[in-house]
Amino acid sequence: MDTRPLLPGAPGDGLESWTREVLEPALARAPERRAAFTTVSGRPVERLYTAESAAGLTHDDVLGAPGGFPYTRGIHASGYRGKPWTMRQFAGFGTPEDTNARYRQLLAAGGTGLSVAFDLPTLMGRDPDHPLARGEVGKCGVSVASLADMEVLFEGIDLGAITTSMTINSPASMIFAMYLVVAERQGVPWTALAGTIQNDILKEFIAQKEFIYPPRPSMRLVTDVFRFCADEVPRWNTISVSGYHIREAGATAAQELAFTLRNGIEYVQYGVDAGLPVDAFAPRISFFFNAHSDFFEEIAKYRAARRLWARVMRDRFGATSPRSWQLRFHAQTAGVSLTAQQPYNNVVRTALQALAAVLGGAQSLHTNALDEALALPTAEAATLALRTQQILAHETGVAGVVDPLGGSYFVERLTADLEAEALAYFDRIDRMGGMVPAIEQGFPQREIAESAYAFQREVETGSRRIVGVNEAVGDGGSRIGILSIDEAAGARQAARLEAVRRRRDPAAVEGALARIREAASGGANTMPPILEAVRAYATVGEMCDALRDVWGEFVEVPII
Amino acid sequence: MDAQSTIRVVIAKPGLDGHDRGAKVIARALRDAGMEVIYTGLRQTPEQIVTAALQEDADVIGLSILSGAHMHICPRVMDLLREKGLSDVLVVVGGIIPDADIPALNAMGIRGVFLPGTPMQSIVEFIRSHVSPRVETI
C-alpha cells in the first residue's frame with residue numbers, strides 16, 4: 001500500500017485511512033446528493049482524483065512539453081502569449097450585400113477573421129431560382145450562386161490581409177474556386193491566401209446531412225482539393241475535419257472525438273491512396289470541435305485529440321513533418337445547449353464553454369449569440385458574443401499560461417480515458433474496413449442516435465438538469481428582439497442570377513460544364529474545370545448538376 | 001374481441017435542412033409512448049408529406065423545421081391537407097421558431113408549436129389530449 005500522504009491535512013497513511021477517518025464520517029453527517037455523478041456525456045466521475053489516478057500520465061512521452069510531441073499540452077511552446085486565438089465569428093444571412101455589411105461590422109468591432117455561413121440552397125448545390133430553394137434563400141446563411149455574388153460578399157475586404165473560413169461541403173470546390181478568382185481579381189496571389197474550407201463530407205453523412213453525391217465520389221472531390229492546394233494554394237487549410245456537427249447531433253464527447261479523428265484518418269488514407277506524399281497535404285488538415293457544457297470533459301477532449309492525432313500521423317501514416325503531427329483546431333460553443341427559455345442564460349453558458357475551448361488550446365473560436373435558439377443572431381447579440389471572447393482574452397488572465405490544467409489528476413485521467421475510448425472506436429471502424437463502409441452500414445449514425453436519445457431521457461427524468469428547462473423554470477423568461485431575414489432576399493438573388501445568365505457567354509459556360517463532367521467520369525482533377533466554369537459565371541447549381549449527371553445523388557436510409 | 005387505440009404519427013423533415021436530431025428523438029419518444037410513428041426521412045416536399053399522411057392514415061403530422069423556412073412550408077402543408085380532405089389531422093411543428101410567428105402558425109391551423117428545450121413528455125401529452133384516437137377492432 002502506498003503510504004504517502006495524499007492530501008494536505010489527510011492522515012499520514014494515505015487514501016484508505018483518509019476514507020475511513022475523514023470521508024466516511026463526513027458522508028454520514030451529510031450524504032451526497034446523488035448515488036453517481038456523470039459528465040454531460042454520461043461518463044461516471046469519481047469523487048476525488050489523486051496522484052494514483054494519474055499515475056504514468058505525466059511521463060514525457062504521454063504529456064510532452066508544449067510545442068513538442070505528442071502535443072498534449074498544445075502545439076505552441078508559448079501558448080497564447082505570442083498570438084491569442086483567432087476570434088472568428090460565423091456569420092451570413094440574406095444577400096451578399098447584407099452579409100458584407102455584417103463582416104465589415106465584425107472586423108471593425110475587433111474580429112480577427114471571417115467565417116462564412118452559406119444558406120441551405122448554396123450548401124445543397126441549388127440555385128436561388130430552383131423550386132427546392134423556395135423560402136430558404138438567405139435564411140440560414142448568405143446566398144451565393146455565382147462569382148457575381150462572391151464579388152459582392154468580399155467587396156472592400158482585402159483577402160490578402162484576413163483569413164477566411166468557409167463552411168461549405170458538397171459544393172466546397174465550387175465556392176473555393178470563386179474565392180480564388182475574387183482574390184485573383186483583387187491582385188492577391190493564391191500563395192498569399194490563408195483560410196479554411198470545411199470540405200468535410202464524411203460528417204455530413206454522419207450528422208449534418210448536407211450531402212449531394214454518394215460517399216465515394218464525394219471523397220474524390222476532397223482529395224482533388226488536397227492535390228490542387230498542395231501545388232497552388234499552399235497556405236490554405238483544405239479541410240476542417242469537424243466534430244462540431246457530430247456532437248450537435250447528439251454524440252458524446254468520446255464519440256465526437258473518435259468519429260472526428262477516424263474521419264481524419266479516412267481522409268489521410270484517401271490522400272495517400274491517391275498517390276500524395278503524406279507530408280505534402282497532412283499539414284493543411286485542420287479540425288473543428290464543439291465546446292460543450294461539461295467543462296473538464298471538453299478540455300480533456302481537446303488534449304486527447306492532439307495526442308491521438310500526433311501518434312496516428314507519426315505511427316500509422318509515417319509522417320515525418322512535425323506540422324503533419326500537430327492538430328490545429330477551431331472550436332464553437334454548443335448551439336444545442338442553448339435554450340429558447342430564459343435566453344439571457346445562454347450568454348453564461350457560452351462564456352463557460354468558450355473558457356473550456358481556451359483552456360484546451362483552441363486556435364480559433366466562435367462564440368454563439370444568446371438568441372440562437374430562436375433565430376439567426378441580431379447584430380447586437382453577435383457583438384456581445386464577440387465581447388465574451390475579448391473579455392476572456394484580455395481580462396481573465398487565462399491566456400497567460402500554457403495548458404494551465406496540465407498535471408491535474410482529474411484532467412490527465414479524463415484525457416487518457418477519452419483517448420482510450422476513441423482508440424476502441426478506431427478498432428471497430430478499422431474492422432469494418434474504414435469510415436466510408438462504417439457510414440454505409442449506418443454505424444456512427446446509430447451510435448449517435450442512441451446517445452441523443454439517452455441524453456433526452458435523462459432530461460425527461462430530471463436526472464440531467466437544465467436551468468430554465470427543468471430547473472429554476474420561473475416564468476418563461478425575457479422576450480428578446482430577434483433578427484428577421486428580409487423575405488425579398490430570394491427575389492433579389494433570383495433577379496441577380498437572371499442578369500448573370502443574360503450577360504455571360506453561354507458557350508463558355510457549356511464548355512466548362514462539359515469539362516467538369518469529363519473530369520468527374522475520368523481521373524483528371526476536377527478543380528481546373530471548376531475554376532474555368534466559375535470564371536465563365538457558371539452557377540453553383542449548374543456545376544453541381546454537372547456532377548449529379550455523372551455521380552447521381554445520395555439518398556440515405558434513415559436510422560431511428 | 002379487444003379494442004385497441006393507437007395514435008398514428010407522421011414525423012417529417014421538410015425543406016433542405018438536414019438537422020434531424022430532434023425529429024429522430026421525438027419519433028422514438030412517441031413510439032415509446034405507444035404511438036405508431038412513421039419517419040419520412042429528409043427533404044420531403046409538402047406534397048410528399050401530405051401523401052404520406054394520407055397513405056399512412058395519420059392522426060398527427062409532426063414537422064421538424066430549423067431553417068427559418070416554416071412560414072413558407074407550413075401554409076403549403078395546411079392547404080394541401082384541406083385539399084385532400086385531411087383537415088382533421090393534428091399538425092404540430094417543432095424547431096427554431098420565433099415567438100412572433102406562433103400566432104400566425106396557430107391561425108393557419110397548426111395547433112402545437114414546440115421550441116428548443118420542450119420536454120418530450122409535454123409533446124406526448126399534447127398529442128394525446130388533442131387527438132381522439134381511432135378505435136381499431138382486432
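Overview of the structure. It should be emphasised that the depicted structure is a prediction, and the values quoted were computed from it without experimental measurement.

Conventions we followed
- Residues numbered from 1 in each chain as written.
- Chains lettered and ligands numbered in written order.
- Predicted model: local features only at pLDDT ≥ 70, side-chain atom pairs only at ≥ 80, totals over all residues.
- Helix = DSSP H or I, 4+ residues; strand = E, 2+ residues; numbered from the N terminus.
- Buried ≥ 20, exposed ≤ 12 C-beta atoms within 10 Å, placed from the backbone.
- Contact = placed C-beta atoms within 7 Å.
- Rg over C-alpha atoms; globule rule 2.2 N^0.38 Å.
- Pairing = 2+ DSSP bridges.
- Right-handed = clockwise from strand over helix to strand, strands pointing away.
- Core = buried A, V, L, I, M, F, W, Y, C linked by C-beta atoms within 7 Å.
- Axes fitted to C-alpha atoms, helices over the stretch in contact; angles between N-to-C directions.
- Parallel < 35°, antiparallel > 145°, perpendicular 65-115°, else oblique.
- Left-handed = near helix turned anticlockwise from the far one by under 90°.
- Nonpolar A, V, L, I, M, F, W, Y, C, P; charged D, E, K, R; others polar.
- Expected span 1.5 Å × (residues − 1).

### Here's the deal with the overall build of chain A
And then number 1: When you go through chain A residue by residue, the secondary structure sums to 21 helices and 11 strands.
And then number 2: Referenced to the eigenvectors of the C-alpha coordinate spread, the extents of chain A come out at roughly 85 × 55 × 45 Å.
And then number 3: Counting the 560 residues in chain A, one finds 52% classified as buried.
And then number 4: In chain A, the share of contacts with a sequence separation of at least 24, taken over all contacts with a separation of at least 6, comes to 75%.

### Quick notes on the overall build of chain B
And then number 1: Counting its regular elements, chain B contains five helices and seven strands.
And then number 2: Counting from the amino terminus, helix and strand elements in chain B follow one another as β-β-α-β-α-β-α-β-α-β-α-β.
And then number 3: Taking 2.2 N^0.38 as the reference for a compact globule, 138 residues should give roughly 14 Å; the C-alpha atoms of chain B span a radius of gyration of 14 Å, in line with that estimate.
And then number 4: C-alpha atoms of chain B, sized along the principal axes, occupy 50 × 35 × 25 Å.
And then number 5: A sequence separation of at least 24 residues applies to 74% of the contacts in chain B between residues at least 6 apart.

### Section: the pairing of strand β4 (residues 113–117) of chain A
All names here are of chain A.
And then number 1: Burial analysis of β4 places five of its five residues in the buried class, which makes it a mostly covered element.
And then number 2: Neither face of β4 is open: one carries G113, S115 and A117, the other L114 and V116, and all of them are buried.
And then number 3: When strand β3 (residues 86–91) meets β4, the two strands line up parallel, connected through four bridges. Paired with A91 across the strands is V116, a residue of β4.
And then number 4: Once you follow β3 into helix α2 (residues 96–108) and on to β4, the crossover reads as right-handed.
And then number 5: With four bridges joining them, β4 and strand β5 (residues 164–167) adopt parallel strand pairing. Within β5, the position partnered with V116 by the bridge is M166.

### Here's the deal with the environment of A:K203
Residues and elements named next belong to chain A.
And then number 1: In this fold, K203 is placed in helix α6 (residues 202–208).
And then number 2: Residue K203 is classed as buried on the basis of its 28 C-beta neighbours within 10 Å.
And then number 3: A C-alpha to C-alpha distance of 31 Å links K203 and G462, two positions 259 residues apart in sequence.

### Here's the deal with the nonpolar core
And then number 1: Counting residues in hydrophobic clusters, the biggest one holds 193 residues, and the most contacted among them are A:A305, A:I516, A:M543 and B:I61.
And then number 2: Setting aside residues up to four positions removed in sequence, A:I516 forms contacts with A:T526, A:P529, A:I530, A:A533, A:M543, A:A546 and A:L547.

### Digging into the packing of helix α13 (residues 345–359) of chain A against helix α14 (residues 379–395) of chain A
All names here are of chain A.
And then number 1: It is the contact of α13 with α14, at a shortest axis distance of 10 Å, that shows an interaxial angle of 45°. Classed by the angle they form, the pair α13 and α14 counts as oblique. Seen from above, α13 lies across α14 with right-handed handedness. Between α13, through V347, T350, A351, A354, L355 and V358, and α14, the contact on the second element is made entirely by L384, A385, T388, Q389 and L392.

### Re the interface of chain A and chain B
Interfaces are often sized by the amount of accessible area the parts lose when they come together.
And then number 1: Taken together, the contacts link 33 residues of chain A with 28 residues of chain B.
And then number 2: Mapped by element, the contributors of at least two residues to the side of chain A that touches chain B are α3 (120–123) and α17 (443–461) of chain A.
And then number 3: For the side of chain A that touches chain B, the leading source of residues is α17(A), giving five residues.
And then number 4: A class-by-class count of the residues in the side of chain A that touches chain B yields 18 nonpolar, seven polar and eight charged.

### Topic: helix α1 (residues 21–32) of chain B
And then number 1: In this model α1(B) runs 17 Å from its N-terminal to its C-terminal C-alpha over 12 residues, within 8% of the 16 Å that 1.5 Å per residue would give.
And then number 2: Counting buried residues along α1(B), 10 of its 12 residues qualify, which places the element largely inside the surrounding structure.
And then number 3: For α1(B), every residue scored as buried is listed here: B:R21, B:G22, B:A23, B:K24, B:V25, B:I26, B:A27, B:R28, B:A29 and B:L30.
And then number 4: Buried-residue contacts for α1(B) involve α17 of chain A together with β2 (8–12), β3 (36–39), β4 (60–65), β5 (90–95) and α5 (120–130) of chain B.

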